[in-house]
Amino acid sequence: MMMKTFLRQSLWFLLYFLGISAMLFIVGSLTGKMDTAFWPAPQYSDSYSFNEKLSFLRDHQSKQATYVVGSSMCLNNFSGQAYAQRTGDSSLMNIASWGLSVKDSYLWLSHLAQLHQPRHVILLTNYVDFCQVNKQLQLDDAISYLHSDQALSRWWQAIKHFNLKYCIKNFSYARRVRTESASYEYLGFDAFGCVNLIPTGFQVDSARWSDDHLMRVPLDEQYAYFDSISAYCFNHQISFTCLQSPYRAGLYSAMSGEKKQRLHDHIQRIQSIVTARGQSFIDANNQLWGDSLFVDGTHLNADGAASLTHFLIEEREP
Amino acid sequence: MLFNSIEFLIFFITVFSLYWFVEKRSLSMQNVLLLIVSYLFYSFWDWRFLFLLVFSTLLDYYSGLIIASSKNQRIRRIWLWLSLGINLGFLGVFKYYNFFVESFVACFESMGVSVHPTTLQVILPVGISFYTFHGVSYIVDIYKRRIEAERNFVEYSVFVCYFPLLVAGPIERATHLLPQIKKPRSFDYALAVDGLKQILWGLVKKVIIADNCAIYANLIFNHASDYDGSTLLLGALFFTFQIYGDFSGYSDIALGTSKMLGIHLLKNFSFPYFSQSIPEFWRRWHISLSSWFRDYLYIPLGGSMVTKWKKIRNTFITFIVSGFWHGANWTFVFWGFLNALYMVPSLLRSNGKSDEKKPNGIMRILHMGLTFALVVLAWIFFRAASLGEAFSYIARIFSKSLLSLPTFEGIHDAAVVIALISVFMLIEWLGRHHEFAIQRLTNRWPRLLRWSAYSVFIFAVLYFSGEQQEFIYFQF
């Protein structure tokens, strides 16, 4: 009898709580704070970009022959479309997201590659990737999220990773990154998972325009993980190409001797790691890249990304 | 499986349903179920250490039977020391071996002698400090003929590894828990509702207070040399509320969970930050551990029935051992020593009677403030990575920069956390005469208002539940 009362009261309270939640949601929708069309990507890391990429990969075929890996250097500076047109090979996926350190890229790649066994990996990188603080990526859960076909498993993942604060905070942010294409934060992925920034109407930030990040100190740990990426590909018979992303011509030409030396030392260090295993290393700074191809010191616009991708293909061809 | 995780919610709903379903069949089935789910709960942490837990349970069970049945004092003593030796030996190996080895190495190196001993690469089994103390108190109580040995192995095992208290207490006594395990339990509506409320308040403490304070406490303690005195003081205050929210929150969830299964556990906290003296603080903080040390260390040493100086000696021994129980680090030892030092004035003042005069009015607030300040100071040693760090942290607090405004990354978000702490402490103050703050707070409110208040708490818990932090006391 007492148990029945307890269950009945609990059920009524649950209904009351759900009713209040529904009312709050309706109020949020009416006031524009919550928009079901822009429900934030589920949280599997402290990087919104990574979460958004994961959500994209969940809805697209992530098993491809070629993976393009890295941070925003890779997300924005590589053009999947240009690559597919030029090579005729559209089995490609850009799995990069903002701010990933080399360690993050290694862990992410090795988790995904274990499942999909890609044949080629292209790492598009720059000096700044070696100075980054590592992200907190929940990769085991992320992999289950990507590959669970069962509704139960999907629901479980959704409940387990539900975070009210994150959702409320990111409703308007999700809308912004998915719709505002003239912004650095744009995350409208193309079919290959790339985000190539359209230069028309782009609001260039003057601080970013002249930032080369070269006064930051790269971390030894990141070089060790760079070596791990190279070794992983080598050990798994995956062809590996490392492309050093270019700097804007105006910035590169005006660089101080000290900065040029830092960049040179960095390139020498990663080149020696890659070439030691007979893998290919391409330095895009061997030529100058016009300012009109950039949205800041290091991030290319769509035209720049297409040019860099063509450059990569040409340099890679025997 | 953390108490504040979705996994635990599902686990507990399942256990709750099965538990009250089998109640209709028999008590023994209910206890077998409790034992199975407790082992299952433990194996979620690390199933390999389940063997250690079962071994420890078996050892104490048989030792208890032999000690109780033997009339030969020598045999009784041998089994007592065998059980204590093995139990404390496991604790020593897993928890303190590396500490002693490293301390000896440091000691030898300071004398210019280089030694290279082997250290163990093992992780500490979850809850070992807690279930070892269960076993030790049980064996000592049998030896002292305070209790009878438990003959039913299932019931004894449930006493040792009952899942709500398995990983971080409260440290139960056979005299309190075993009779409840042996007695038929029927569902009690009022107790279950009380349990639910206590779980909710525990979650508020853990998720809203402790986990938010942890962000800033970690930031400030981990980069202490970058901050000025006022920021460091704020960091110490954040840790003070973190550790209270974390551990008393855990205890509330454990007690609430257990109430829903019809079993009362020992109260572990009683609004300790409203204490007006250090002795009172220790009667209100981690009560089950304090009383354990009182009964099994302080009193056997002579307790209060000795000369003043011996009483002081006993207090120091008890607090230092209690500090060492928390972790294998000199910081914990010093924390214990400091608390013993705090007790000295009241020990010197006391005349053997326990009639501490309670101050009134403004003096009461002053006493409360002073006690709180001493506690905050001691927590710095508890939180710091080393004694050197703790002393330099305190030295930096008591510098000119104490008068400057605190500055650190995220200070605006921290202001929200300070506001949350203020509201939390206000609710604690209003409910301080009850077992937990919201136990009776809303009882006279109309149902809808009461449910709205609970809904606000649930929303707040959901809102802040993004970044789960492990309970601090799990490491002990």
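Structure first, text after, so check above.
Summarised in this report is the structure supplied together with it. (Residues numbered from 1 in each chain as written. Chains lettered and ligands numbered in written order. Predicted model: local features only at pLDDT ≥ 70, side-chain atom pairs only at ≥ 80, totals over all residues. Heavy atoms only, no water.)

Further remarks concern the overall build of chain A. When its secondary structure is counted, chain A shows 13 helices and 5 strands. The dimensions of chain A, computed from C-alpha atoms along their principal axes, are 80 × 45 × 40 Å. Per-residue burial for chain A yields a buried fraction of 53% across its 318 residues. Taking the average location of the 26 positive side-chain charges in chain A and that of its 28 negative ones, the two points are 9 Å from each other. (Helix = DSSP H or I, 4+ residues; strand = E, 2+ residues; numbered from the N terminus. Buried < 20%, exposed > 50% of the residue type's maximum accessible area, 1.4 Å probe, protein only. Lys, Arg positive; Asp, Glu negative; His and termini not counted. Charge placed at Lys NZ, Arg CZ, Asp CG, Glu CD.)

Along chain B, the regular secondary structure elements total 18 helices and 0 strands. Taken along the three principal axes of its C-alpha coordinates, chain B extends 70 × 65 × 50 Å. Within chain B, residue pairs in contact and separated by at least 24 positions form 77% of the contacts whose partners lie at least 6 positions apart. Summing over all exposed atoms, chain B offers an accessible surface of approximately 21,600 Å²; the carbon and sulfur share of this is 66%. (Contact = heavy atoms within 4.5 Å. Areas by Shrake-Rupley, 256 points an atom, 1.4 Å probe, with all protein chains shown as cover.)

We now examine the nonpolar core. Tyr138, Phe163, Phe238, Tyr273 and Trp379 of chain B are the most contacted members of the largest nonpolar core, which has 153 residues in total. In contact with Tyr138 of chain B, not counting residues within four places along its chain, are Asp60, Gly64, Ile147, Ala149, Glu150, Tyr156, Phe159, Ala174 and Leu178 of chain B. Judged by nonpolar contacts, the second largest core, of 84 residues, contains Val68, Leu214, Ala284 and Val295 of chain A. (Core = buried A, V, L, I, M, F, W, Y, C linked by side-chain atoms within 4.5 Å.)

Quick look at the interface of chain B and chain A now. Contact residues are listed per partner, giving 24 residues for chain B and 19 residues for chain A. Approximately 2,100 Å² of surface area, both sides summed, lies buried where chain B meets chain A, with 78% of it carried by carbon and sulfur atoms. Of all residues in chain B, Tyr189, Trp451 and Tyr463 of chain B bury the most surface against chain A, accounting for 31% of the area lost on that side. Applying the counting rule to chain B against chain A returns 0 salt bridges. Our count for the contact surface shared by chain B and chain A stands at 2 residue pairs in polar contact (both at pLDDT 80 or more). A total of 11 residues in the side of chain B that touches chain A trace back to one element, the largest contributor, which is helix α18 (residues 447-464) of chain B. (Buried area = accessible area lost by both parts, 1.4 Å probe. Salt bridge = Lys/Arg side-chain N within 4 Å of Asp/Glu carboxyl O. Polar contact = N/O pair within 3.5 Å; in protein donor to acceptor, adjacent residues only side chain to side chain.)

For the rest of this paragraph, the subject is the sheet that holds strand β3 (residues 120-125) of chain A. Residue and element names in this part refer to chain A. Taken together, the 5 strands give an open sheet; going across it, the order is β2-β1-β3-β4-β5, and neighbouring strands pair in parallel fashion. Single-partner strands in this sheet number two, and they are β2 (92-94) and β5 (280-283). Taking each pair of neighbouring strands and ignoring which way they run, the sheet shows an average axis angle of 15°. Here 4 bridges tie strand β4 (residues 239-244) to β5, and the two strands are oriented parallel to one another. Bridge pairing links Cys242 to Phe281 in β5. (Pairing = 2+ DSSP bridges. Axes fitted to C-alpha atoms, helices over the stretch in contact; angles between N-to-C directions.)

With that out of the way, let us pick up a nonpolar patch on the surface. Residue and element names in this part refer to chain A. Nonpolar side chains collect at one region of the surface, where Leu11, Trp12, Leu14, Leu15 and Leu18 lie side by side and expose about 530 Å² of accessible area between them. By the secondary structure assignment, Trp12 is in helix α1 (residues 2-30). By relative accessible area, Trp12 is classed as exposed at 51%. (Patch = residues over 30% accessible without salt bridge, like charges linked within 9 Å, V, L, I, M, F, W, Y side chains within 5 Å.)

Once their charged atoms are close, side chains differing in charge can pair, the charge on each being opposite to the other. All names here are of chain A. Counting across every chain of the model gives 21 salt bridges over all chains. Across the salt bridge formed by Asp212 and Lys259, the nearest N and O atoms sit 3.1 Å from each other. Remark: Lys259 occurs in helix α12 (residues 257-276) and Asp212 occurs in the loop between α9 (206-209) and α10 (220-235); sequence separation between them is 47 residues. On the basis of relative accessibility, which here comes to 5%, the residue Asp212 falls in the buried class.

All names here are of chain A. Along strand β1 (residues 66-70), 5 of the 5 residues are buried, which leaves the element largely enclosed by surrounding structure. What you see with β1 is no split at all: Thr66, Val68 and Gly70 on one side and Tyr67 and Val69 on the other are buried throughout. Note that β1 and β2 share 3 bridges and pair parallel. Paired with Val68 across the two strands is Asn94, which belongs to β2. Of the pairings in the sheet, the one linking β1 to β3 comprises 5 bridges and is parallel in character. Paired with Tyr67 across the strands is Val121, a residue of β3.

All names here are of chain B. Across the interface, helix α10 (residues 229-260) lies against helix α17 (residues 411-430) with an axial gap of 12 Å and an inter-helix angle of 45°. Considering their axes alone, α10 and α17 lie oblique with respect to each other. Seen from above, α10 lies across α17 with left-handed handedness. Across from Leu234, Phe238, Phe241 and Tyr244 in α10, the residues of α17 making contact are Ala414, Val417, Ile418, Ile421, Phe424, Met425 and Glu428. The class makeup of the residues in the contact of α10 with α17 is 10 nonpolar, no polar and 1 charged. (Parallel < 35°, antiparallel > 145°, perpendicular 65-115°, else oblique. Left-handed = near helix turned anticlockwise from the far one by under 90°. Nonpolar A, V, L, I, M, F, W, Y, C, P; charged D, E, K, R; others polar.)

What follows covers the side chain of Thr132 of chain B. Residue and element names in this part refer to chain B. Structurally, Thr132 can be placed in helix α5 (residues 128-143). Exposure remark for Thr132: the relative accessible area of 2% places this residue in the buried category. Contacts of Thr132, omitting those with residues within four sequence positions, involve Asn87, Leu88 and Leu91.

A word on the packing of helix α4 (residues 73-110) of chain B against α5 of chain B. Residues and elements named next belong to chain B. It is the contact of α4 with α5, at a shortest axis distance of 10 Å, that shows an interaxial angle of 170°. Accordingly, the angle class assigned to the pair α4 and α5 is roughly antiparallel. Across the interface between the two elements, Gln73, Arg76, Arg77, Leu80, Ser83, Leu84, Asn87, Leu88, Phe90, Leu91, Phe94 and Lys95 from α4 touch Ile128, Ser129, Thr132, Phe133, Val136, Ile139, Val140, Ile142 and Tyr143 from α5. Of the residues that constitute the contact of α4 with α5, the class distribution is 13 nonpolar, 5 polar and 3 charged.

Moving on, we get to the packing of aromatic side chains. Counted under the stated rule, the structure contains 84 aromatic pairs over all chains. Taking the centre distance of 5.8 Å and the plane angle of 50° together, the rings of Phe6 of chain A and Phe16 of chain B count as tilted. In this pair, Phe6 of chain A sits in helix α1 while Phe16 of chain B sits in helix α1 (residues 6-22), so the two residues belong to two different chains. Take Phe6 of chain A: its relative accessible area is 5%, and that puts it in the buried class. (Phe/Tyr/Trp six-rings, centres within 6.5 Å; stacked < 30°, edge-to-face > 60°.)

On to the state of the cysteines, then. All names here are of chain A. According to the stated counting rule, one finds 0 disulfides over all chains in the structure shown. Free of any disulfide, Cys131 has its nearest neighbouring cysteine sulfur in Cys242, separated by 15 Å. A relative accessible area of 8% means that Cys131 is categorised as buried. (Disulfide = S-S within 2.5 Å.)

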